[in-house]
Amino acid sequence: MPATTVRSSVPTVERATLGNGLRVVLSPDRSSPVVAVAVYYDVGIRSEPQGRTGFAHLFEHLMFQGSSSLEKMEHVKYVQSSGGTLNGSTRLDYTNYYEALPAHALERALFLEADRMRSPRVTEENLANQIAVVKEEIRVNVLNQPYGGFPWLTLPPVLFETFPNAHNGYGGFEDLESATVDDAQDFFDRYYAPGNAVLVVGGDLDAADTMRLVERHFGDVPARAVPERPDFDEPAPTSERRAQHVDTHAPAPALALGWRLPDPADLAAYLPFVVLSSALTTGDASRLKRRLVHTDSLATDVGTHIGVMQDPFDVRNPTVLSIEAHHGNDVAADRVVTATDEELDRVATDGVDRAELERVVARLESAILQGSDHVLSRTLSMAAFEQQRGRAELVGELAGHVAQVTPEQVRAAAATLRPDNRARLDLLAGAR
């Protein structure tokens, strides 16, 4: 493959660690008068104990319910009244909270994040209220939604065997309803220590001034012990694992195939699967779209995802590549699987030609660079890279790494996706 010129730039990064253990990354970019503030806590779905499914997400909700100094929803009002936006999310390996605001409101954002890191308001009323909110969210997004939770909630129990990797991260109602204030306080004490978090501030800022503000607002948050992170790895399947999932709301069947991937920390081994994933299903010229949808009319749609939550670059080991296909009631699922296996075999045997690889890589590079153009999305990516890999600079380096993937690496990646080491989940539409 000829050398590819990738126009990317590694952002300026300055690091510090406060006395309480909080890691701080500052990345000035004076191109627009906007700043983004992101706090990533090293606790996610995989850290939930048995009997407490959904607790990481529930606690994320509690962090918006006020503090010892602010009433419920005041955090939101202060951000929005400054012209900013905010949100949070719970992933497999982290929980994050973030704001994007006009640059002059930077100190307000730092105060707000430090405030809830210091003392969120965990009360019986707030807990009961948020359990009800989360249960309603699950009803809307999963229980009463066609294909709700498919395959991100339904495939992991087939592919994985251990509780951290296989359990329902949205949470079972029985577990959510049994949560107590003591549970929430223990969760906060254990996982929301400053030493278990990364603060990343990007955008229109002066690094020295911002570091003084960070020290002013976060420096007196009490230090606490940081939990040792378990190794969540487990053996990959040595034979095909199958299961069926009945979806009474779905109008047509679907299936998901899943394989384990190399450790995402090993980019040289991991990125060929990212490229292969795009070659298989991104765009009408992709292999499985052409074969399953346009040529053989076996599927109405097909997609490939890396990572249970579909972001290949914000997850630790172990993780998954999945192929999701939706097909008509008159098409046997086995025909879809056979055609998929044939296309994977074709890549494993013949590889990808230069033109195809260049097209796929160019598309991935473009997506990566566009994703890092906006100050908030760039800051969030930097925070995930810093939290999981200790290298926020990857936000500017990743496209270059993707460009170095070779046809032989893609061929070798396809050769590992075999029927005898995967999970297969058939979604049965409307059946009981």
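Preceding this section is the structure that the text describes.
These remarks concern the structure in this document.

**Here's the deal with the overall build of the protein**
Okay, step 1: Broken down by element type, the protein carries 16 helices and 11 strands.
Okay, step 2: Its C-alpha radius of gyration of 23 Å places the protein within 12% of the 22 Å reference for a compact globule of 432 residues.
Okay, step 3: Each principal axis of the C-alpha atoms in the protein carries an extent, and together these give about 60 × 55 × 35 Å.
Okay, step 4: In the protein, buried positions account for 57% of the 432 residues.
Okay, step 5: In the protein, the proportion of contacts linking residues at least 24 apart, taken out of those at least 6 apart, comes to 81%.
Okay, step 6: Mean positive and mean negative side-chain charge positions of the protein (41 and 61 charges, respectively) differ by 2 Å.

**As for the packing of helix H10 (residues 267-281) against helix H13 (residues 354-371)**
Okay, step 1: Two numbers describe how H10 lies on H13: the axes approach to 9 Å, and their chain directions differ by 105°. With respect to their mutual orientation, H10 and H13 come out roughly perpendicular. Residues Val 274, Val 275, Ser 278 and Ala 279 of H10 touch H13, and the partners they reach there are Glu 356, Leu 357, Val 360, Val 361, Arg 363 and Leu 364.
Okay, step 2: Of the residues assigned to the contact of H10 with H13, the class counts are seven nonpolar, one polar and two charged.

**With respect to the packing of H10 against helix H16 (residues 407-415)**
Okay, step 1: H16 packs onto H10 with a crossing angle of 85° between their chain directions and a minimal axis gap of 8 Å. Relative to H16, the element H10 is oriented roughly perpendicular. Listed contacts from H16 to Ala 268, Pro 272, Phe 273, Val 275 and Leu 276 of H10 are Gln 409, Val 410, Ala 413 and Ala 414.
Okay, step 2: Considering only residue class, the contact of H10 with H16 consists of eight nonpolar, one polar and no charged.

**Remarks on the packing of aromatic side chains**
Each aromatic ring pair is summarised here by two numbers: the centre-to-centre distance and the angle between the ring planes.
Okay, step 1: Within this structure, the stated rule accounts for 13 aromatic pairs.
Okay, step 2: Seen in terms of ring centroids, Phe 187 and Tyr 191 are 5.0 Å apart; in terms of plane orientation they differ by 55°. Their pairing is tilted. Linking Phe 187 with Tyr 191, this pair stays in helix H8 (residues 181-191), spanning four residues, or about one helical turn.
Okay, step 3: Accessibility expressed as a relative area gives 11% for Tyr 191, which makes it buried.

**Examining the sheet that holds strand E3 (residues 34-41)**
Where strands meet in a sheet, backbone hydrogen bonds hold them as pairs that are either parallel or antiparallel.
Okay, step 1: Strands sit in the order E1-E2-E6-E3-E5-E4 across an open sheet of six strands; the sheet is mixed. Two strands lie at the open edges of the sheet, namely strand E1 (14-17) and strand E4 (85-90), each paired on one side alone. Averaged over neighbouring strand pairs, the angle between their axes works out to 15° when direction is ignored.
Okay, step 2: Relative to strand E5 (residues 95-102), E4 runs antiparallel, the two being bridged by six bridges. Of the residues in E5, the one forming a bridge with Ser 89 is Asn 96.
Okay, step 3: Packing of helix H1 (residues 55-62) onto the sheet brings it into contact with E4 and E5, and relative to E4 it is tilted by some 160°.
Okay, step 4: In the packing of helix H2 (residues 74-81) onto the sheet, the strands contacted are E4 and E5, and the crossing angle to E4 comes to about 135°.

**Here we look at the environment of Arg 216**
Okay, step 1: Tracing the chain through its elements places Arg 216 in helix H9 (residues 207-218).
Okay, step 2: Relative accessible area serves as the criterion here: at 54%, Arg 216 is assigned to the exposed category.
Okay, step 3: Sequence-wise, Arg 216 and Asp 42 are 174 residues apart; in three dimensions their C-alpha atoms are separated by 23 Å.

Conventions used here
- Residues numbered from 1 in each chain as written.
- Predicted model: local features only at pLDDT ≥ 70, side-chain atom pairs only at ≥ 80, totals over all residues.
- Heavy atoms only, no water.
- Helix = DSSP H or I, 4+ residues; strand = E, 2+ residues; numbered from the N terminus.
- Rg over C-alpha atoms; globule rule 2.2 N^0.38 Å.
- Buried < 20%, exposed > 50% of the residue type's maximum accessible area, 1.4 Å probe, protein only.
- Contact = heavy atoms within 4.5 Å.
- Lys, Arg positive; Asp, Glu negative; His and termini not counted.
- Charge placed at Lys NZ, Arg CZ, Asp CG, Glu CD.
- Axes fitted to C-alpha atoms, helices over the stretch in contact; angles between N-to-C directions.
- Parallel < 35°, antiparallel > 145°, perpendicular 65-115°, else oblique.
- Nonpolar A, V, L, I, M, F, W, Y, C, P; charged D, E, K, R; others polar.
- Phe/Tyr/Trp six-rings, centres within 6.5 Å; stacked < 30°, edge-to-face > 60°.
- Pairing = 2+ DSSP bridges.

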